Structures are given as C-alpha cells and as structure tokens.
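# Fold and contact review
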Amino acid sequence: MDIEKIYKESEAYLEGHFLLSGGMHSQFYLQSAKVLEDPSLAEKLANALAKEIKKSKIKIDTVCAPAIGGIVAGFVLAKALGARSIFTERVDGKMTLRRGFEVKKGENILICEDIITTGGSALESANSLKEYGVNIVGFAALANRGFCKREGSDLPQNKICKLPKDLPFFALGDFTFEVYSPKDCPLCAKGSEAIKPGSRAT
Ligand code: ZN
C-alpha cells in the first residue's frame, strides 16, 4: 500500500511553508482528515493495517484513540479488527476517559492515531488507561512521521520518539521529510513566511 500516493491523491500531503505545533518549520504538512473524509478509503486503509496487526497474533479487545485526530482512524481500525472503539480526550490538559466509556482490569487495548509523530498523545492516552489496570498491547497509526520505529520498517527510532520500545508500533508507511528550526529554515531564507496549518485553506 503506497500511503504517500494515497495522501497526495486525497490532497492530504500539503506543500508550502508550515509552522508546526512544536515551533519547527516544514515544507510539507500531513492533513489526515482529508484521507479519512472518504469512508471507503478509510475502511480500505484500516483493513490493510488490521491485516498487518493480525500477523502479530496479539489479542486486542479494544482500540483507543486520542481525540480528536485519532477518533476516525481508531473507529475504522476497531471495525477491521472486530474490536471495541473508544477514545480519550483532554480535560484541563490531561488525557481522560469520559462519555461513559469503561475499561476493565486486564483488558487488552491497542492505541490508534491517524499519524504518529513523536507519539506523545498516544503515550498519554495509554498512561491514562493504565490507571485502570488495563493491558496496553501496542500502538497503531495509518502513517508514521518517520521518528518512531514501526514493525517491518528499517527506519531507525529517532530520540524524539516517545513510544515505549518494548511495545510494537504498526503503520502503513513512513513519511521522512525534513523539519527545520526557524533559524535554519531554507524557506525562511528565501523570504517566505511560515503559516500555521489549518489557519487558512489548510
Ligand atoms: Zn521557515
């Protein structure tokens, strides 16, 4: 499955000059919501990801996604795995289980995002569920932003990846474009201004 081609065809692989949430600049930005707006495509991707995950023989009762970005991906993946779908959301900055969702001690839970960058939100979601005594069995995303080590890829783990090394991470592909600090940004050097994705038509 050519995840890069799918993102490009869905106009989800944006080219420009972007200011990312961590303050870094980039020539590219991934807008996964544009891929997932097509339910048939979302289902196709989830089925491909589920196929990879099933090879590991890991038992999964529930897929949990960090809101908002992960919700659709988590839902379609849960359907493909025959699992339950829940999500955590931030309340006063802390990832929390709300809306009547309940988890049981020993329940096997896979955390799913649309894209894993450093894996920070996914890890927070996992940690919030561990307080209930659940068993976190791994992490999944449609795509890997290239900093974490996914199953089946030779790309090494970057030190900014926050996912635990002892749990598997499944994704359909890696995106490995550069990010720059503002002072080293070649796009800034050419005189253009970095824009926050989502602030205009993005
Ligand atoms: Zn720049």
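Everything quoted here is computed from the prediction, not taken from an experiment.

Here we come to the overall build of the protein chain. Helix and strand counts for the protein chain come out as six helices and nine strands. Taking 2.2 N^0.38 as the reference for a compact globule, 202 residues should give roughly 17 Å; the C-alpha atoms of the protein chain span a radius of gyration of 17 Å, in line with that estimate. Structurally, the protein chain occupies a C-alpha span of about 55 × 35 × 30 Å along its principal axes. Residue burial in the protein chain is summarised as follows: out of 202 residues, 47% are buried. Carbon and sulfur atoms make up 50% of the accessible area of the protein chain, which amounts to about 10,700 Å² in all. Taking the average location of the 28 positive side-chain charges in the protein chain and that of its 25 negative ones, the two points are 3 Å from each other.

Let us now look at the nonpolar core. Ranked by internal contacts, the top residues of the largest apolar core, which has 37 residues, are Tyr7, Ile53, Leu77, Leu81 and Leu110. Breaking this core down by element, the ones donating at least two residues are helix 1 (3-9), strand 2 (25-30), helix 2 (32-36), helix 3 (39-55), helix 4 (71-81), strand 6 (108-116) and strand 7 (135-144). It is helix 3 that contributes the most residues to this core, eight residues altogether. When sequence neighbours within four positions are dropped, the list of residues in contact with Leu81 reads Ala50, Ile53, Lys54, Ile60, Val63 and Leu110. Grouped together as the second largest cluster of nonpolar side chains are 19 residues, Cys64, Ala122, Val134 and Cys148 included.

Before going further, it helps to spend a moment on the coordination of the zinc ion. Looking at the zinc ion, one finds its protein donor set to be His17 (NE2), His25 (ND1), Cys185 (SG) and Cys188 (SG), positioned 2.1 to 2.4 Å from the metal centre. For the zinc ion, the four donor atoms in the first shell make angles of 94 to 121° at the metal, so the coordination geometry reads as tetrahedral. Read in sequence order, the donor residues for the zinc ion give the motif H-x7-H-x159-C-x2-C. Of this pair, His17 sits in strand 1 (residues 13-19) while Cys188 sits in helix 6 (residues 186-189), and the two are 171 residues apart along the sequence. The exposure class of Cys188 is partly exposed, given its relative accessible area of 29%.

Taken together, the six strands give an open sheet; going across it, the order is 5-4-3-6-7-8, and neighbouring strands pair in mixed fashion. Where the open sheet ends on each side, the last strands, each with one partner, are strand 5 (94-97) and strand 8 (169-171). Within the sheet, the average angular offset between the axes of one strand and its neighbour, ignoring direction, is 30°. Taken together, the three bridges between strand 7 and strand 8 define a ladder with parallel strand orientation. When the sheet's bridge partners are listed, Ala141 is paired in strand 8 with Ala171. Across the face of the sheet, helix 5 (residues 120-130) comes into contact with strand 3 (62-66), strand 4 (84-91), strand 5, strand 6 and strand 7 while running at roughly 160° to strand 6.

Thresholds applied
- Residues numbered from 1 in each chain as written.
- Predicted model: local features only at pLDDT ≥ 70, side-chain atom pairs only at ≥ 80, totals over all residues.
- Heavy atoms only, no water.
- Helix = DSSP H or I, 4+ residues; strand = E, 2+ residues; numbered from the N terminus.
- Rg over C-alpha atoms; globule rule 2.2 N^0.38 Å.
- Buried < 20%, exposed > 50% of the residue type's maximum accessible area, 1.4 Å probe, protein only.
- Areas by Shrake-Rupley, 256 points an atom, 1.4 Å probe, with all protein chains shown as cover.
- Lys, Arg positive; Asp, Glu negative; His and termini not counted.
- Charge placed at Lys NZ, Arg CZ, Asp CG, Glu CD.
- Core = buried A, V, L, I, M, F, W, Y, C linked by side-chain atoms within 4.5 Å.
- Contact = heavy atoms within 4.5 Å.
- Donors = N, O, S within 2.8 Å, 3.2 Å for Na, K, Ca; no water.
- Tetrahedral: all angles 85-135°; square planar, octahedral: opposite > 155°, others 65-115°.
- Pairing = 2+ DSSP bridges.
- Axes fitted to C-alpha atoms, helices over the stretch in contact; angles between N-to-C directions.

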